[in-house]
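As a plain string of letters, each chain reads:
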Amino acid sequence: MHNPIIVALDVPKAKEALELAKELGPVVGAFKIGKQLFVSEGPEVVRKLKETGGKIFLDLKFHDIPNTVAKAVQSAIDMGVDMLTVHTSGGSEMLSAAENASNEKAAKLGIASPLILGVTVLTSMDDNNLAELGIQEGTKRQVVRLAKLAAASGLRGLVCSPQEIKFLREELGSDIDLVTPGIRFDASPSDDQKRTMSPSEAVKAGASWLVIGRPITLAENPRSAAIDILNSIDSEIVPSK
Ligand code: C5P
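If you're wondering where the values come from, they're calculated on a predicted model, not measured in any experiment.

**Side note on the overall build of the protein**
Part 1: Within the protein, the regular secondary structure consists of eleven helices and eight strands.
Part 2: Scaling as 2.2 N^0.38, a compact globule of 241 residues should have a C-alpha radius of gyration of about 18 Å, and the protein matches this with 17 Å.
Part 3: Its C-alpha atoms give the protein principal-axis dimensions of about 45 × 40 × 35 Å.
Part 4: Residue burial in the protein is summarised as follows: out of 241 residues, 51% are buried.
Part 5: Counting contacts in the protein only where the partners sit at least 6 residues apart, residues at least 24 apart contribute 67% of the total.
Part 6: Of the roughly 11600 Å² that the protein leaves accessible, carbon and sulfur atoms contribute 49%.
Part 7: Across the protein, 27 positive and 31 negative side-chain charges occur, with their mean positions spaced 3 Å apart.

Next comes the structure, spelled out in structure tokens:
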């Protein structure tokens, strides 16, 4: 199986991120760099994390005019990024521009095309928040609408909540990568995550990748925590990559 754990390096400084990466590198599948770390440390931290040998997931959720997003995707690939996020609400032209930019850049560099992941409706939004924006159909319908738009625009992956995995698999089939945060063991504190699933439940439901932050990074022994999570997953049902 491929290692489906993406560890969220939600720390403010490069030093802490690199220490975690050195400890976790051999037992996780990728490192997620979010806005906090990237805004504070910039491209240098991406390059240094890449040098540790891990795959890099840059979670900056691009949303802009198609040309600007395409250029940002190519700059991210220059830094060594393997996966990155865009807002699907940017529309089909922006999504295709992002995917095409990734394919073109990868072809030039002779590497596999980095995975552009579409974010649908943020889990911080509920039906009332969508109604404020003039979207009356509710979150589930909006998630399906945006997910289908992303797939039709050529995206090969989506970020989704644990509750969305099953119906997105039903709607979109088995080829698309589904990347899922909100992962907790029953026994572990859920922090601010409200609707969680265990790692094995999420993989059984059809997740391709699991984004896990605090249950690993705040554990007394982050490496053993990651190994325990890996061992809890039935290796036969993890798709190979
Ligand atoms: O610490 P925890 O496991 O909750 O971290 C989850 C990571 O996934 C964080 O980086 C968080 O920003 C991200 N995320 C999330 N829920 C979403 C989208 C992203 O928790 N709906």
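After presenting the structure, the write-up continues.
**Description of helix α11 (residues 222-232)**
Part 1: Those residues of α11 that sit buried are Pro222, Ala225, Ala226, Ile229 and Leu230. An end-on view of α11 places all buried positions within 135 degrees of arc, on one side of the element.
Part 2: For α11, the secondary structure elements touched by its buried residues are β1 (5-8), α1 (14-24), α9 (199-205), β8 (209-212) and α10 (214-217).

**Here's the deal with the site of the ligand**
Part 1: In the vicinity of the ligand, the residues found are Ala8, Asp10, Lys32, Thr123, Pro181, Arg184, Gln193, Val211, Ile212, Gly213, Arg214 and Pro215.
Part 2: In this structure, Arg214 approaches the ligand through a main-chain N or O atom, which is 2.7 Å from an oxygen atom.
Part 3: In the complex, 78% of the free accessible area of the ligand, which totals 460 Å², lies under the protein chains.
Part 4: Of the residues contributing to the shell around the ligand, the split by class is five nonpolar, three polar and four charged.

**Examining the sheet that holds strand β2 (residues 30-33)**
Part 1: Read around the closed barrel, the eight strands follow the order β1-β2-β3-β4-β5-β6-β7-β8; overall the barrel is parallel. Strand-to-strand twist in this sheet, taken as the mean axis angle between neighbours without regard to direction, amounts to 25 degrees.
Part 2: As judged from the two bridges shared by strand β7 (residues 177-180) and β8, these two strands associate in the parallel manner. In the strand pairing of β8, Thr180 is matched with Leu210.
Part 3: Where helix α3 (residues 43-51) meets the sheet, its contacts fall on β2 and β3 (55-62), and the angle it forms with β3 comes to roughly 155 degrees.

**Comments concerning the pattern of salt bridges**
Part 1: Under the counting rule described, the total for this entry stands at 13 salt bridges.
Part 2: In this structure, the salt-bridge partner of Glu137 is Arg145, at a minimum N-O distance of 2.9 Å.
Part 3: Given the relative accessible area of 38%, Glu137 is considered partly exposed.
Part 4: Looking at Arg145, the relative accessible area reads 47%, which means it is partly exposed.
Part 5: The shortest N-O distance in the salt bridge between Asp191 and Arg214 comes to 3.6 Å. Taken together, the positions of Asp191 in the loop between β7 and α9 and Arg214 in helix α10 put the pair 23 residues apart, joining distant regions of the chain.
Part 6: One network of salt bridges, in which partners are shared, links Arg184, Asp191, Asp192 and Arg214.

**Remarks on the packing of helix α7 (residues 139-152) against helix α8 (residues 165-172)**
Part 1: Interaxial distance between α7 and α8 falls to 11 Å at its minimum, and their mutual angle equals 45 degrees. Regarding the angle of α7 to α8, the classification is oblique. For α7 against α8, the interelement crossing comes out right-handed. Touching Lys140, Val143, Val144, Ala147, Lys148 and Ala151 of α7 are Phe167, Leu168, Glu171 and Leu172, all from α8.
Part 2: Here the residues of the contact of α7 with α8 sort into seven nonpolar, no polar and three charged.

**Description of the side chain of Asn3**
Part 1: Topologically, Asn3 is positioned in the segment before β1.
Part 2: On the basis of relative accessibility, which here comes to 18%, the residue Asn3 falls in the buried class.
Part 3: A distance of 2.9 Å separates a polar side-chain atom of Asn3 from the backbone oxygen of Val27.
Part 4: Separated by 3.4 Å, the side chain of Asn3 and the backbone nitrogen of Gly29 make a polar contact.

Cut-offs and rules
Residues numbered from 1 in each chain as written. Predicted model: local features only at pLDDT ≥ 70, side-chain atom pairs only at ≥ 80, totals over all residues. Heavy atoms only, no water. Helix = DSSP H or I, 4+ residues; strand = E, 2+ residues; numbered from the N terminus. Rg over C-alpha atoms; globule rule 2.2 N^0.38 Å. Buried < 20%, exposed > 50% of the residue type's maximum accessible area, 1.4 Å probe, protein only. Contact = heavy atoms within 4.5 Å. Areas by Shrake-Rupley, 256 points an atom, 1.4 Å probe, with all protein chains shown as cover. Lys, Arg positive; Asp, Glu negative; His and termini not counted. Charge placed at Lys NZ, Arg CZ, Asp CG, Glu CD. Arc of directions from axis to C-beta. Near = heavy atom within 4 Å. Polar contact = N/O pair within 3.5 Å; in protein donor to acceptor, adjacent residues only side chain to side chain. Nonpolar A, V, L, I, M, F, W, Y, C, P; charged D, E, K, R; others polar. Pairing = 2+ DSSP bridges. Axes fitted to C-alpha atoms, helices over the stretch in contact; angles between N-to-C directions. Salt bridge = Lys/Arg side-chain N within 4 Å of Asp/Glu carboxyl O. Parallel < 35°, antiparallel > 145°, perpendicular 65-115°, else oblique. Left-handed = near helix turned anticlockwise from the far one by under 90°.

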